[in-house]
Amino acid sequence: MGSANGLASMQGKQPLFSFGVISDVQYADIPDGRSFIGVPRYYRHSLLILQNAVQRWNNHQKLKFVMNFGDIVDGFCPKDQSLEAVKKVVNEFEKFNGPAYHMIGNHCLYNLPRHMLLPLLKISSVDGRAYYDFSPTPEYRFVVLDGYDISAIGWPHNHPNTLEALKFLGEKNPNTEKNSPAGLVGLERRFLMFNGAVGKEQIKWLDAVLQDATKLNQKVVVCCHVPLDPGSASPEALLWNCNEVMDVIHRYNCVKVCLAGHDHQGGHSIDTHGIHHRVLEAALECPPGTDAFGHIDAYDDRLSLVGTGWMQSTDMCFTP
Ligand SMILES: Nc1ccn([C@@H]2O[C@H](COP(=O)(O)OP(=O)(O)OC[C@H](O)CO)[C@@H](O)[C@H]2O)c(=O)n1
């Protein structure tokens with residue numbers, strides 16, 4: 001269980017700003033079930049967790065924004081209920097007294113195509129791409145990556161990104177069922193249909209944002225539904241081209257923390273360049289009466305995650 005007593009709060013220093021976090025709500029108005037590997041999933045209860053989170057975030061009174069790490073509605077949601085279910089979850093986020101930033105996950109895309117999903121999540125996009133950045137204070141920049149840019153889900157069947165993803169999966173995963181990692185070894189096990197990649201244009205954009213952030217002396221927090229570091233998540237949960245994305249990130253010193261969802265049990269690692277990777281515990285798999293959400297206090301030299309329930313508190317210290 002998480003503790004509210006992070007190192008930073010014990011030292012009594014005021015954060016530069018704070019923000020709320022939650023991941024993998026995967027709401028559906030269906031009875032409880034299990035994941036493919038048998039972990040219990042509480043599809044209705046997860047909405048109650050979000051409601052608790054919003055209440056706690058509002059009571060805190062000093063949160064500048066909240067971040068949803070994707071998968072707001074589960075793939076088992078009956079498809080004639082997808083739109084209403086997405087609206088219902090978005091409506092809960094809108095009860096927060098401030099902006100909510102969303103990112104897309106595989107389960108979002110099982111429910112709605114991008115052209116319907118992105119306006120509901122208020123992700124402005126001219127061509128269906130879902131990556132963006134924002135700067136909550138002059139010292140910090142948040143980069144939200146679209147981990148399903150190259151993906152076999154969410155784009156129209158004949159879209160170049162779908163075709164590129166299918167070709168890639170065909171080359172990397174010999175199984176007929178492309179969600180199955182059978183026979184794949186080690187990090188190859190990430191080549192599954194429920195993952196995706198950051199495309200070439202997005203890589204160029206990321207490079208330009210990091211260059212600009214470096215010029216402005218900003219600390220960068222990279223957010224993506226799909227984890228980027230093998231130390232923080234199981235191989236089956238990683239972004240297809242996590243190594244390519246990390247190569248770009250490692251060219252700069254500005255990225256301090258990468259945050260993700262998708263791998264429901266959560267995780268934390270510090271990579272070879274001292275960057276923290278924190279994968280957030282899923283709301284969906286919290287048994288009734290328990291929670292998983294939190295808020296992060298941002299300081300000059302650390303992010304301090306104050307977790308509630310199954311979300312572990314984590315101090316992520318770095319060189320300013
Ligand atoms: N070995 C597997 C695992 C999953 N599937 C099928 O793939 C779809 C998505 O799986 P799901 O567990 O629901 O995906 P999440 O995004 O909730 O979780 C991601 C993982 O935790 C990352 O490790 C679903 O249709 C499964 O049945 C599969 O066929 N084979």
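These numbers were taken from a predicted model, which means no experiment stands behind them.

### With respect to the confidence of the model for the protein chain
Turning to step 1, where the next piece is worked out: Summing up the model confidence of the protein chain, the mean pLDDT is 96 and the portion of residues at 70 or higher is 97%.
Turning to step 2, where the next piece is worked out: Considering only residues more than four positions removed or in separate chains, one finds that residues 1-6, a stretch of pLDDT under 50, has 17 contacts.
Turning to step 3, where the next piece is worked out: This complex was scored by the predictor with a pTM of 0.96 and an ipTM of 0.94.

### Section: the site of the ligand
Turning to step 1, where the next piece is worked out: Not every one of the 15 residues close to the ligand is listed here, only the nearest: Phe36, Arg41, Asn106, His107 and Asn179.
Turning to step 2, where the next piece is worked out: Separating an oxygen atom of the ligand from a side-chain N or O atom of His107 is a distance of 3.0 Å.
Turning to step 3, where the next piece is worked out: One of the side-chain nitrogen or oxygen atoms of His264 is found 3.4 Å away from an oxygen atom of the ligand.
Turning to step 4, where the next piece is worked out: For the ligand, the protein covers 78% of the area, taking 630 Å² as the surface of the free molecule.
Turning to step 5, where the next piece is worked out: With three residues, the top contributor of residues to the shell around the ligand is helix α4 (residues 106-111).
Turning to step 6, where the next piece is worked out: When its residues are assigned to classes, the shell around the ligand shows five nonpolar, seven polar and three charged.

### Overview of the packing of helix α7 (residues 200-215) against helix α8 (residues 242-250)
When two helices pack together, their arrangement is given by the angle between the helix axes and the distance between those axes.
Turning to step 1, where the next piece is worked out: The N-to-C vectors of α7 and α8 enclose an angle of 20°; their axes lie 10 Å apart at closest approach. In terms of their interaxial angle, α7 and α8 are classed as roughly parallel. For the pair α7 and α8, the crossing hand works out as right-handed. On α8, the residues touching Ile203, Leu206, Asp207 and Leu210 of α7 are Glu244, Val245, Val248 and Ile249.
Turning to step 2, where the next piece is worked out: Its residues placed into classes, the contact of α7 with α8 shows six nonpolar, no polar and two charged.

### Digging into the layout of surface pockets
Turning to step 1, where the next piece is worked out: Taken as a whole, the largest pocket encloses approximately 990 Å³ of empty space.
Turning to step 2, where the next piece is worked out: Lining the largest pocket we find 32 residues, and of these Ser35, Phe36, Ile37, Arg41 and Phe194 sit closest to its centre.
Turning to step 3, where the next piece is worked out: Sort the elements by how many residues they give to the lining of the largest pocket and α4 lands first, with three residues.
Turning to step 4, where the next piece is worked out: For the lining of the largest pocket, the per-class residue count stands at eleven nonpolar, eleven polar and ten charged.

### Re the side chain of Glu92
Turning to step 1, where the next piece is worked out: When you line up the elements, Glu92 lands in helix α3 (residues 82-93).
Turning to step 2, where the next piece is worked out: Excluding residues that lie within four positions of it along the chain, Glu92 makes contacts with Leu47, Leu50, Gln51 and Val54.

### Considering the environment of Lys178
Turning to step 1, where the next piece is worked out: Within the secondary structure, Lys178 sits in the loop between α6 (160-172) and α7.
Turning to step 2, where the next piece is worked out: It is 30 Å that separates the C-alpha atoms of Lys178 and Ile270, two residues lying 92 residues apart in sequence.
Turning to step 3, where the next piece is worked out: At a separation of 2.5 Å, a polar atom in the side chain of Lys178 contacts the main-chain carbonyl oxygen of Asn173.
Turning to step 4, where the next piece is worked out: Polar side-chain contacts of Lys178 include one of 2.8 Å to the backbone oxygen of Asn175.

### So, empty space enclosed by the protein
Turning to step 1, where the next piece is worked out: Scanning all chains against the criterion turns up one cavity of 30 Å³ or more.
Turning to step 2, where the next piece is worked out: Volume-wise, the largest cavity comes out at about 40 Å³.
Turning to step 3, where the next piece is worked out: Around the largest cavity, the lining residues are Val222, Cys224, Val226, Pro227, Leu228, Ser232, Cys258, Leu259, Ala260, His277, Arg278 and Val279.
Turning to step 4, where the next piece is worked out: Among the secondary structure elements, those contributing two or more residues to the lining of the largest cavity are β8 (219-224), β9 (255-260) and β11 (276-279).

What counts as what
Residues numbered from 1 in each chain as written. Predicted model: local features only at pLDDT ≥ 70, side-chain atom pairs only at ≥ 80, totals over all residues. Heavy atoms only, no water. pLDDT = per-residue confidence, 0-100. Contact = heavy atoms within 4.5 Å. Near = heavy atom within 4 Å. Polar contact = N/O pair within 3.5 Å; in protein donor to acceptor, adjacent residues only side chain to side chain. Areas by Shrake-Rupley, 256 points an atom, 1.4 Å probe, with all protein chains shown as cover. Helix = DSSP H or I, 4+ residues; strand = E, 2+ residues; numbered from the N terminus. Nonpolar A, V, L, I, M, F, W, Y, C, P; charged D, E, K, R; others polar. Axes fitted to C-alpha atoms, helices over the stretch in contact; angles between N-to-C directions. Parallel < 35°, antiparallel > 145°, perpendicular 65-115°, else oblique. Left-handed = near helix turned anticlockwise from the far one by under 90°. 1 Å grid on protein atoms, 1.4 Å probe; cavity = no way out; pocket = protein on both sides within 12 Å on 5 of 7 lines; lining within 4 Å. Points joined across faces, edges and corners; volume = space filled by probe spheres on them.

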